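Structural description and commentary
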Amino acid sequence: MKRSVRVLIMCGCVTVTMNFSFATERSVKKGNQHFAGGRYEDALTAYTDAELSAPHQAEIIFNMGDALYKQQKYAEAHDMYDRAYMEARGPLRTQALYNSGCVLYRQGKLKESLDVFKHALQEDPSDLDTKHNVEFVERKIKEMMNQAQQREQQQSQSKAEQQQDKQEKDDAGRVFAALGN
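Heads up: these notes are all about the structure in this document. Because the structure is a prediction, the values reported are computed rather than measured.

Throughout the structure, instances matching the rule amount to five aromatic pairs. Plain terms: the ring middles of F62 and Y81 are 5.5 Å apart, the flat faces sit at 55 degrees to each other, and that makes the pair tilted. Residue F62 is found in helix α3 (residues 58–70), and its partner Y81 is found in helix α4 (residues 74–87); the two are separated by 19 residues along the sequence. When sorted by exposure, F62 lands in the same class as Y81, which is buried. The ring of Y85 carries the charged tip of R93 above its face, separated from the ring centre by 4.0 Å.

For the rest of this paragraph, the subject is the pattern of salt bridges. Where charged atoms from two side chains of opposite charge come close, those side chains can pair. Within the structure shown, the criterion is met by five salt bridges. Put simply, E123 and R93 hold a salt bridge, and the shortest N to O gap is 3.7 Å. Taken together, the residues span a long stretch of sequence, with E123 in helix α6 (residues 110–123) and R93 in helix α5 (residues 91–106) at a distance of 30 residues. Judged by its relative accessible area of 23%, R93 falls in the partly exposed class. A salt bridge links E138 to K118; the shortest N-O distance between them is 3.8 Å. Separated by 20 residues along the polypeptide, E138 in helix α7 (residues 128–180) and K118 in helix α6 bring together distant segments of the chain.

The rules behind each value
- Here the residue numbers are simple positions, counted from 1 along each chain's written sequence.
- Given that this is a predicted model, residues contribute local features only at a pLDDT of at least 70 and side-chain atom pairs are listed and counted only at 80 or more, while totals for whole chains, interfaces and linings are drawn from all residues.
- Side-chain numbers come from the whole structure's heavy atoms, not from hydrogens or water.
- Each Phe, Tyr or Trp ring (for Trp, its six-membered ring) is paired with any other whose centre lies within 6.5 Å, and the angle between the two planes then decides the class: stacked below 30 degrees, edge-to-face above 60, tilted in between.
- A helix here means a DSSP run of H or I that spans at least four residues, while a strand means a run of E at least two residues long, and both kinds are numbered starting from the N terminus.
- Only protein chains enter the calculation, and the probe is 1.4 Å; a residue is then buried if its accessible area is under 20% of its type maximum, exposed if over 50%, and partly exposed in between.
- Placement of a positive charge over a ring is assigned whenever Lys NZ or Arg CZ falls within 6 Å of the ring centre and within 35 degrees of the normal to the ring plane.
- Each reported salt bridge corresponds to a side-chain nitrogen of Lys or Arg within 4 Å of a carboxyl oxygen of Asp or Glu.

This is the structure we're talking about:
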């Protein structure tokens, strides 16, 4: 009798787990369909439903990040990619880093973006997209630094011209004052 009760209890647990698995899979599939159709908010809702039954499944968390990214909710997407990175193994882990770098770039955080892309490249040195992004962000940072230097030079030149104009006006004022005497 005890043995049959244990077997029934064990079967019950397996059934509950399997239902969560099917429900999770169904939610993910639904989310993927919404995502493919460009309905990113609906996709996020489906992925969030799936996450409730599988809170540590990296693929679901990653998909949530993608849906948020498509909605331009970059800070939230970054959080999801960070979570996915912590949970993932293998290529998904590197992809989470890569996407995190993209989010940081979109937020205008170029230095942080570059650091994340370099980290992703360390994890997968053969990834040509990541190599390209490292080079691209390095160029952008260099361009921004050059533009800042040019603005600084222009401001400095403008101040010098203003001081020269002021000096000339002061000199002209003195000349007129001397002529008036």
